[in-house]
Amino acid sequence: KIFQAVVSCIGNDGTIYIIPKSFETALNKLMAEIQNTFKGLGLLIPYCWKKGEACVVRGSDTVWYRAKIIEVSSSILQVQYIDRGYIESIPQCHLYPTTFYTDIPPFCIPCQLYKTLPIGNFWQQDAVDYLQELLKNEEVEIHVEELPDNPWGKMSISLYFGGMSLSSFMAYQKYCVAEGGQDVQKLGVFEGGLSPSYLLQPLPVPGEVFPVTVTHVVSPKEIYICFDSSGSLTKHSATERAASCDSESLNKALKWCNKIVKTLPHLTNFEKELPCLAEYVDGLWYRAKVLSITQLVPVQILVQFVDYGTYLVAPSSRLRHIPCPLLKYPVQAVRVLLAGFRPASDDRNVERIPYSPEWSLKALWAMLDCVEGKNLSASILTLSPEVTISLYGDDKNLVHLKLIEMGLAELDE
């Protein structure tokens, strides 16, 4: 069985406590009932607590939770939050004994990684701390491998985050050994000798109008677009729906990659078109590809962010190997040429685009004004030798008409 879940806690012994997403509605309903039933402080009169006894606990967030007594010692009790998994030492005045809700099974499930052996036969404290930092309150994919022999035992699972296997990742970190090594290949990032490549985005049928976002403007004639599923056009094609799903899954996978990026190896092979992760100026890491080496001492690499079309010259310290699961998502940005206009023959503006001198910088700024933050739509005219489109503004007029009005471009029939 495969399902989505949120990791609520990592136990001191490495137990992974998960709450299936399908349980969330029922858990929220129960929590609301508990808050309505128990108000104020805990039990203030003396009470003889027993190990294993059911209770409710007033947490540090002043919310009441179901719990059970793990250990009794003077005025401090050790309790386990049965719907979250974590264990805490709590003063008696924050607890209340109860027989309410004891017929409802715990909502969190204790799990262990399938066929995964911790170094030293138990999870070391630094490994537990790392698991907690990586997984707590995060949504993950659970593959059930073996059910426990008794209802209170641990379920054996394979856990995936951003398409990556947790067992493989922890084995790479030298925290454990994945028995048989069957899972290690699924991580795929650390294998040498591969020349992977990105998948291309499937394009809509020529003539079909579809919403787009412009992610990068190279010149008034050459831009990069992404399909925009949130656009105002109500009827979305299968291509756009697939692109929207891919974009959402890719963003989740990239979020995970940013959490583990310091564990990924630095890029040492600068072969042209090689996929990699690159750090942008905002401090986040995105999918990119190597274009060229621009400087040898110190090494500077020209890369392109494939989901935006933008370029960056970066030192090798800002480039890392890309996990193979990130290669299954098509590139989000598509390079296109705009049809119907050309540079104005009488454009007297002296400042030109250095890499495209037929256009003035003024024309470039005008095109940026036409597309930034706008609800745009497009229609493909040709697919080869270049993808050529007509681009429409939120007023449904061709965007290049503005440049023609300003004398920065002219019609090209």
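No experiment lies behind these values; they were computed from the predicted model shown. (Residues numbered from 1 in each chain as written. Predicted model: local features only at pLDDT ≥ 70, side-chain atom pairs only at ≥ 80, totals over all residues. Heavy atoms only, no water.)

Draft legend 1. Examining the pairing of strand S21 (residues 334–338) more closely. Here S21 shows one buried face, formed by Val-334, Val-336 and Leu-338, and one open face, formed by Arg-335 and Leu-337. Here strand S15 (residues 222–227) runs beside S21; their pairing, made up of four bridges, is antiparallel. Opposite Ile-223, over in S21, you have Val-336 as the bridge partner. Two elements, S21 and strand S26 (residues 388–392), share two bridges in a ladder whose sense is parallel. (Buried < 20%, exposed > 50% of the residue type's maximum accessible area, 1.4 Å probe, protein only. Helix = DSSP H or I, 4+ residues; strand = E, 2+ residues; numbered from the N terminus. Pairing = 2+ DSSP bridges.)

Draft legend 2. The arrangement of the UniProt feature "domain: Tudor" (unreviewed entry) in the chain in detail. Under the feature "domain: Tudor" (unreviewed entry), the UniProt entry names residues 48–105 and 269–329. Taken end to end, residues 48–105 comprises 0% helix and 50% strand; its first and last C-alpha atoms sit 25 Å apart. End-to-end, the C-alpha atoms of residues 269–329 are 22 Å apart, and along that stretch the chain is 0% helix and 48% strand. (UniProt positions renumbered as here; feature names shortened; annotations may be inferred.)

Draft legend 3. Structural context of the sheet that holds strand S4 (residues 64–73). Sheet architecture is open: five strands sit in the order S6-S5-S4-S3-S7, paired in antiparallel fashion. Because the sheet does not close on itself, it has two edges, and the strands there are strand S6 (87–91) and strand S7 (95–97). Between one strand and the next, the sheet's axes are offset by a mean angle of 45°, whatever the strand orientation. In this sheet, strand S5 (residues 76–81) lies alongside S4 in antiparallel orientation, the contact comprising six bridges. The partner of Ile-69 across the bridge, within S5, is Val-79. Sheet strands in contact with helix H1 (residues 24–37) are strand S3 (54–58) and S4, and its direction is about 75° off that of S4. (Axes fitted to C-alpha atoms, helices over the stretch in contact; angles between N-to-C directions. Contact = heavy atoms within 4.5 Å.)

Draft legend 4. Structural detail: the sheet that holds strand S20 (residues 319–320). Read across the sheet, five strands follow the order S19-S18-S17-S16-S20 without closing on themselves; strand pairing throughout is antiparallel. Looking at strand neighbours, the two that pair on one side only are strand S19 (311–315) and S20, the edges of this open sheet. Pairing geometry for strand S17 (residues 285–295) and strand S18 (residues 300–305), over six bridges, is antiparallel. Across the sheet, the residue bridging to Lys-289 is Gln-304, located in S18.

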